[in-house]
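Okay, here's what each chain looks like letter by letter:
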2 protein chains.
Amino acid sequence: MASSSSSSSNSPCAACKFLRRKCQPECVFAPYFPPDQPQKFVNVHKVFGASNVTKLLNELHPSQREDAVNSLAYEADMRLRDPVYGCVGVISLLQHQLRQLQMDLSCAKSELSKYQSLGITGHA
Amino acid sequence: MASSSSSSSNSPCAACKFLRRKCQPECVFAPYFPPDQPQKFVNVHKVFGASNVTKLLNELHPSQREDAVNSLAYEADMRLRDPVYGCVGVISLLQHQLRQLQMDLSCAKSELSKYQSLGITGHA
């Protein structure tokens, strides 16, 4: 949910406040970094840098920017929690769980096929 | 596999070559950005910025730096392929597959329990 640019309310967005600059009405950060969520910008700035994020947002359609900011904020948060693996640690864990479930499903199906080969339906 | 610092062979590492600076023997990038993989540094620099990566590597134990660089390179590659969602798109996809597999496994187990309640073993 994008809040309207905070510059009109004299309260700079979290990005402009952190960067100590005037929050202009056309500020690319303001809709996604409201003043009441300062940590979101601090994290994104620490991991990606404000100028990289500005470039990335300017290359996107405005309708895609909120999703982009939220995915950057998630990635930044993960990188600060786990500086070695970040998001990639989450991916590794999910891939491991996926392989485990695939094995469990394969076992269950193999077990089922033994019953089915006996010509009995399980729908008793 | 960390290659030795390329500064000794007069060939700067991919990072120093890109940043047009002298590759010193103690260069923090050299072991992880060999000259024959220029794109790896270009991607990481474009998404995270060289100074952020330098800070992050300097805060880690040398034994953790290679994994950190490889996870940053993967994240950067994903962000360039999918500027809106990056790695988080991969996580969403894996979570979706995981939920699907959990439902499939739950169905298979429920089916199995019907056979088992008939008192028949499937080990025919």
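Data block above holds the structure.
All figures in this text were calculated on a predicted structure; none of them were measured in a lab.

### Points about the interface of chain B and chain A
The interface of chain B with chain A comprises 44 residues on the first partner and 44 residues on the second. For the chain B face of the interface with chain A, the top three residues by lost area are Val84(B), Leu101(B) and Tyr115(B), together amounting to 15%. Between the two partners, chain B and chain A, sit 2 salt bridges. Linking chain B to chain A there are 10 residue pairs in polar contact (both at pLDDT 80 or more). When residues of the side of chain B that touches chain A are traced back to their parent elements, those giving at least two are helix H2 (38-48), helix H3 (50-58), helix H4 (62-81) and helix H5 (86-117) of chain B. It is H5(B) that contributes the most residues to the side of chain B that touches chain A, 19 residues altogether. For the side of chain B that touches chain A, the per-class residue count stands at 24 nonpolar, 13 polar and 7 charged.

### Looking at the pattern of salt bridges
Residues and elements named next belong to chain B. Here the structure, examined in full by the defined rule, presents 6 salt bridges over all chains. Notably, a salt bridge pairs Arg81 with Asp77, separated by 3.1 Å at the nearest N-O pair. Pair noted here: Arg81 and Asp77 are both in helix H4, with a separation of 4 residues, about one helical turn. Where Glu111 meets Lys114, a salt bridge forms, and the shortest distance between an N and an O atom there is 3.7 Å. Note that Glu111 and Lys114 are positioned in helix H5 at a spacing of 3 residues, about one turn of the helix.

### Remarks on the environment of Asn43(B)
Residues and elements named next belong to chain B. Relative to the helices and strands, Asn43 is located in helix H2. Distance in space between the C-alpha atoms of Asn43 and Tyr74 is 9.2 Å, their sequence separation being 31 residues. Leaving out residues up to four positions away in the same chain, Asn43 has contacts with Ala76, Asp77 and Leu80.

Quick notes on the rules
Residues numbered from 1 in each chain as written. Chains lettered and ligands numbered in written order. Predicted model: local features only at pLDDT ≥ 70, side-chain atom pairs only at ≥ 80, totals over all residues. Heavy atoms only, no water. Contact = heavy atoms within 4.5 Å. Buried area = accessible area lost by both parts, 1.4 Å probe. Salt bridge = Lys/Arg side-chain N within 4 Å of Asp/Glu carboxyl O. Polar contact = N/O pair within 3.5 Å; in protein donor to acceptor, adjacent residues only side chain to side chain. Helix = DSSP H or I, 4+ residues; strand = E, 2+ residues; numbered from the N terminus. Nonpolar A, V, L, I, M, F, W, Y, C, P; charged D, E, K, R; others polar.

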